[in-house]
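Residues per chain are reported as follows:
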Amino acid sequence: MSVFSRPAAEGDVILGVRPETVYEPSTVDEAAEVLRESALRGKSLAFIGGGTDLELGTAPRRIDAVVRTGRLARVIEYSPSDQIVVAEAGLTLGELQRTLASHRQRLALDPPLPERKTLGGIIAANAYGPRRARFGSVRDLIIGISFVRADGTLARGGGKVVKNVAGFDLPKLMIGSLGTLGLITSVNFRLHPLPEEEVTLHLPGRSGAGLRSLVRGIKEAQLEPTSVVAAWREADRFDVAVRFEGLRAGIAEQCERLTGLVRREAAGACETLDEPAARAF
């Protein structure tokens, strides 16, 4: 093969199984060549992006070679006016978000480890974070996909517009597939604008009953948080974070109403986290 390859090292071991060879294609044609030749030789392949979710699924019994997607990391097309982006699967979420931020836009997914998680890996593992409560998961934001089948054949589904119909099920089929249906090479996503303001309120030490009461109060007050996260601390105690995003005036009003709700319940502290603390939480 003409594709860059090297012997596998300790860092290429997947769940205790060590491959013989690692391929690092830099183009889709090179990736197709790897899969085509491997199929002809009866080799078993695994695909790695950032390697953050390799523990998902059944452990492999055998891996002859690994295909790493780190060199497939380009933004192919970006249309800020249409709020869509087409990017290669090896691009990390963090790098994509920096590109989109130049036009005050974002991909509304926030799984952990964005500087390591690749777009292909996010789709294959169906990875998402707390913003799912407002924007949905991967299946709600993907509009098109390209991949290489096991025999090296290029395939694609979906399109480049949000209201796409033809072939729309194919991108969703690849979500959570864990690399079993082919090597994802590029993906088309719908985008959202960056909010004018983002505020996270922290409610430490809530009991289980207090947590249920809080969520019920948020619903009854018709507040609209982007996400609500409860992190178990100890015994029956949870630290809760409630994130609001949007226009500055609206966010201030919602934060004031939530603070008032907590005060009326006499249910402990409610503090505003600064950006580093909110990100750490």
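Not measured: the values here are computed from a predicted model.

A.B. asks: Help me understand the nonpolar core in this model?
C.D. replies: Note that soluble globular proteins tend to have their nonpolar side chains buried in a common cluster. Ranked by size, the top nonpolar core spans 29 residues in total, and within it Leu107, Leu119, Ile123 and Phe189 carry the most contacts. Among the elements of the structure, β6 (84-88), α2 (93-101), α3 (119-125), α5 (138-141), β8 (142-148) and β10 (183-190) are those that each provide at least two residues to this core. Residue contributions to this core peak at four residues, all from α3. The residues touching Ile123, leaving out its near neighbours within four places in the chain, are Val138, Ile142, Ile145, Met174, Ile175, Gly176, Ile184, Val187 and Phe189. Among the nonpolar cores identified, the runner-up in size contains 16 residues, and Phe238, Phe244, Ile251 and Leu261 belong to it.

A.B. asks: Whenever I open this one, the sheet that holds strand β4 (residues 65-68) confuses me. Can you help?
C.D. replies: Paired through their backbone hydrogen bonds, the strands of a sheet run either parallel or antiparallel. Pairing is mixed in the open sheet, where four strands are placed in the order β1-β2-β4-β3. Single-partner strands in this sheet number two, and they are β1 (5-7) and β3 (45-48). Across the sheet, the mean angle from the axis of one strand to that of its neighbour is 25 degrees, orientation sign disregarded. Bridging between strand β2 (residues 21-23) and β4 involves three bridges; their strand directions are parallel. Across the sheet, residue Val22 finds its bridge partner in β4, namely Val66.

What counts and what doesn't
Residues numbered from 1 in each chain as written. Predicted model: local features only at pLDDT ≥ 70, side-chain atom pairs only at ≥ 80, totals over all residues. Heavy atoms only, no water. Core = buried A, V, L, I, M, F, W, Y, C linked by side-chain atoms within 4.5 Å. Buried < 20%, exposed > 50% of the residue type's maximum accessible area, 1.4 Å probe, protein only. Helix = DSSP H or I, 4+ residues; strand = E, 2+ residues; numbered from the N terminus. Contact = heavy atoms within 4.5 Å. Pairing = 2+ DSSP bridges. Axes fitted to C-alpha atoms, helices over the stretch in contact; angles between N-to-C directions.

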